[in-house]
Amino acid sequence: LVQARIAVEVGVFTGYSALATILAMRDMHGDAARLIGCDISEEYTSKARDYWQEAGVSGSIELRIGEARDSLRELVSEVGGRVDMIFVDADKTGYDAYYETGLELLRPGGLILFDNVLWSGSVADPARIAEDPDTAALKALADKIRDDDRVDMAFTALGDGILMAMKR
């Protein structure tokens, strides 16, 4: 959609989506494609590193282990305003912070994607919103992005819901 050359992923886990992303980016841009992954778990991402090595793409992926908020803040000085795409599938209560810093990272026309925004339908249930911080955070983010004139947004019910925001 945005011909991404530089992408950031927040919440790498075992690396499946990062692998799919970098393979698509390398098809378009060859060795110029770059993915920066942010995750807190060395244990899970060690599996990702093995898969990336096996696929021959480990040289195109930089993995940062630590709090994603900190990693993203560091990236602002390194690639701020130049990132083409960001994919977020991490702690739901952190989504708002990732969104705000993500907008600093994205170039105009860049895309940020949030996974699991339906939260199994819970975001439409006022009782779940009131009792569960993750559900409340997802609902608040969707409302915020809907009303944010810094972006154009779309939503898909694919899987557990993906919210897409394109920076103006």
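Residues numbered from 1 in each chain as written. Predicted model: local features only at pLDDT ≥ 70, side-chain atom pairs only at ≥ 80, totals over all residues. Heavy atoms only, no water.

## A closer look at the overall build of the protein chain
1) Next: Within the protein chain one finds 6 helices and 7 strands.
2) Next: Against the globule reference of 15 Å for 168 residues, the protein chain gives a C-alpha radius of gyration of 16 Å, in line with a compact fold.
3) Next: For the protein chain, the spread of C-alpha atoms along the three principal axes comes to 45 × 35 × 30 Å.
4) Next: The burial tally for the protein chain puts 43% of its 168 residues in the buried class.
5) Next: Residue pairs at least 24 apart in sequence account for 67% of intrachain contacts in the protein chain once pairs closer than 6 positions are excluded.
6) Next: Carbon and sulfur atoms make up 53% of the accessible area of the protein chain, which amounts to about 8100 Å² in all.
7) Next: Positive and negative side-chain charges in the protein chain, numbering 18 and 30 respectively, have mean positions lying 5 Å apart. (Helix = DSSP H or I, 4+ residues; strand = E, 2+ residues; numbered from the N terminus. Rg over C-alpha atoms; globule rule 2.2 N^0.38 Å. Buried < 20%, exposed > 50% of the residue type's maximum accessible area, 1.4 Å probe, protein only. Contact = heavy atoms within 4.5 Å. Areas by Shrake-Rupley, 256 points an atom, 1.4 Å probe, with all protein chains shown as cover. Lys, Arg positive; Asp, Glu negative; His and termini not counted. Charge placed at Lys NZ, Arg CZ, Asp CG, Glu CD.)

## Structural notes on the pairing of strand β4 (residues 83–88)
1) Next: Taken across its 6 residues, β4 has 6 buried, putting it largely inside the fold.
2) Next: Judged from the 4 bridges that link them, strand β1 (residues 6–10) and β4 form a sheet pairing that is parallel. Across the sheet, E9 pairs through a bridge with F87, a residue of β4.
3) Next: Bridge count between β4 and strand β5 (residues 106–115): 5 bridges; the pairing is parallel. The partner of F87 across the bridge, within β5, is L113.
4) Next: Note on the crossover from β4 through helix α4 (residues 95–105) to β5: the handedness is right-handed. (Pairing = 2+ DSSP bridges. Right-handed = clockwise from strand over helix to strand, strands pointing away.)

## Brief notes about the packing of aromatic side chains
1) Next: This model, assessed by the stated rule, comprises 3 aromatic pairs.
2) Next: Feature note: the residues Y95, Y99 and F114 constitute an aromatic cluster, connected by ring pairs. (Phe/Tyr/Trp six-rings, centres within 6.5 Å; stacked < 30°, edge-to-face > 60°.)

## Quick word on the side chain of S122
1) Next: Along the chain, the position of S122 falls in the loop between β5 and α5 (126–131).
2) Next: S122 gets classed as buried once you look at its relative accessible area, which sits at 12%.
3) Next: Once you skip the residues sitting within four places of it in the chain, S122 turns out to touch R128, I129 and T135.

## Digging into the sheet that holds strand β3 (residues 61–65)
1) Next: Strand order across the open sheet formed by 7 strands is β3-β2-β1-β4-β5-β7-β6, with mixed pairing between neighbours. Of all the strands in the sheet, just β3 and β6 (151–156) have a single pairing partner and so form its edges. The mean angle between the axes of side-by-side strands here comes to 15°, regardless of whether they run parallel or antiparallel.
2) Next: Bridge analysis of β1 against strand β2 (residues 34–39) gives 5 bridges, and the strand direction is parallel. (Axes fitted to C-alpha atoms, helices over the stretch in contact; angles between N-to-C directions.)

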